[in-house]
Amino acid sequence: MRVNLEIILFCFFAALSWASALGVVCSKDPVKSALNLVGCFFCIACLYLLQAAELMAVLEVLVYAGAIMVLFVFVIMLVEQRDETILPQSTLSQVGFFVKIAAVLLVTLNLCVVILRNSFTGTGATLPVGFGGPQATGQLFFSNYVFHFELASVLLVVAIVGAVVISQNKTTEDEESTTA
Amino acid sequence: MITPTLSIDYYLLVATVLFGIGAAGVLIRRNAIIVFMCIELMLNAANLTLVSFARHHGDMSGHIYVFLVMAVAAAEVAVGLAIIISVFRLQKTVNVDELSDLHG
């Protein structure tokens, strides 16, 4: 395999995404976790770009690194943090904990082996012009996937209303009793 | 556009490891906010596989599903973080080990 720019970029962003994902799990401070997650999203967006998914890369940065992470940081600000040990002693002593971790690692390793054994040879189909761009995505959305698109909009509206209702302060009865 | 030379399995390997890290984070972290972040990490790993297969087959339907997963993730985060805030207001903690009121 020729070493070219794509391979260099892929290795760089893959390693960086793993490192920042580990940073999310391992850092004690939730703010550091959030910043690591933003870095991870940027790396994943670059991996999207390497696979000609330009619109998805832009959306990844806008939606995840922008909107969702701002929400996370706000909640971290609102919720008072206590010191958390990553592996509490009471949990460490439980056998089930180790079984769970072992199961996760085993599944991951198995998947790696399966993927590498049945490796997809070749470099994939030749792409049509405009693959991954906004125009092609929009045409798909408003032809084959128009129902999915509308469903997503309904879901977002319901989620917004639900979030407002859930995070409301106490009920009106309490307010009346406090004012009275 | 760069002419691709890497086959899909490298991208799938990256996605698998990211998913594994996210799943391990959900299991070992006790802070509900960080558990949520790890769930986002797993969703992103799934998105990466969708984009990889879309590239592999030259079919853009995968991108549509990535978009839908993003919408679901945004909805999930909005509702989930609202729940975390209201739970914190009642219980003064977001440690998932201490939140056992529904345990029965």
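As a reminder, the structure under discussion sits directly above these lines.
Residues numbered from 1 in each chain as written. Chains lettered and ligands numbered in written order. Predicted model: local features only at pLDDT ≥ 70, side-chain atom pairs only at ≥ 80, totals over all residues.

Asks: Break down the overall build of chain B for me, citing the residues and quoting the values.
Replies: A tally of helices and strands in chain B yields three helices and zero strands. The secondary structure elements of chain B, listed N-terminal to C-terminal, are α-α-α. For 104 residues, the compact-globule estimate of 2.2 N^0.38 gives 13 Å, and the C-alpha radius of gyration of chain B, at 17 Å, exceeds that figure by more than 25%. Its C-alpha atoms give chain B principal-axis dimensions of roughly 55 × 25 × 25 Å. The long-range share in chain B, meaning contacts at least 24 apart out of those at least 6 apart in sequence, stands at 45%. (Helix = DSSP H or I, 4+ residues; strand = E, 2+ residues; numbered from the N terminus. Rg over C-alpha atoms; globule rule 2.2 N^0.38 Å. Contact = placed C-beta atoms within 7 Å.)

Asks: Which residues make up the packing of helix 2 (residues 32-57) of chain B against helix 3 (residues 61-91) of chain B, and what values go with them?
Replies: Residue and element names in this part refer to chain B. Taken N-terminus to C-terminus, the directions of helix 2 and helix 3 make an angle of 175 degrees; their axes are 9 Å apart at the nearest point. Judged on the interaxial angle alone, helix 3 and helix 2 are roughly antiparallel. Counted together, Ala32, Ile33, Phe36, Glu40, Leu43, Ala46, Asn47, Leu50, Val51, Phe53 and Ala54 of helix 2 and Ser61, Gly62, His63, Tyr65, Val66, Val69, Ala73, Val77, Gly80 and Ile84 of helix 3 form the full contact between these two elements. In terms of residue class, the contact of helix 2 with helix 3 is built from 15 nonpolar, five polar and one charged. (Axes fitted to C-alpha atoms, helices over the stretch in contact; angles between N-to-C directions. Parallel < 35°, antiparallel > 145°, perpendicular 65-115°, else oblique. Nonpolar A, V, L, I, M, F, W, Y, C, P; charged D, E, K, R; others polar.)

Asks: Describe the environment of Asp9 of chain B, listing the residues and the values that go with them.
Replies: Residues and elements named next belong to chain B. Structurally, the position occupied by Asp9 is in helix 1 (residues 8-28). By C-beta crowding, Asp9 is classed as partly exposed, having 19 other C-beta atoms within 10 Å. Distance from Asp9 to Thr49, taken between C-alpha atoms, is 9.6 Å for residues 40 residues apart in sequence. (Buried ≥ 20, exposed ≤ 12 C-beta atoms within 10 Å, placed from the backbone.)

Asks: So what's going on with the interface of chain A and chain B? Which residues, and what values?
Replies: Facing 77 residues of chain A, the contacting portion of chain B comprises 66 residues. Those elements that provide at least two residues to the side of chain A that touches chain B are helix 1 (5-26), helix 2 (30-50), helix 3 (54-78), helix 5 (95-117), helix 6 (134-141) and helix 7 (146-166) of chain A. With 11 residues, helix 1 of chain A is the single largest residue contributor to the side of chain A that touches chain B. Each residue belonging to the side of chain A that touches chain B can be placed in one class, and the counts come to 57 nonpolar, 16 polar and four charged.

Function-wise, these values are silent; they only describe arrangement.
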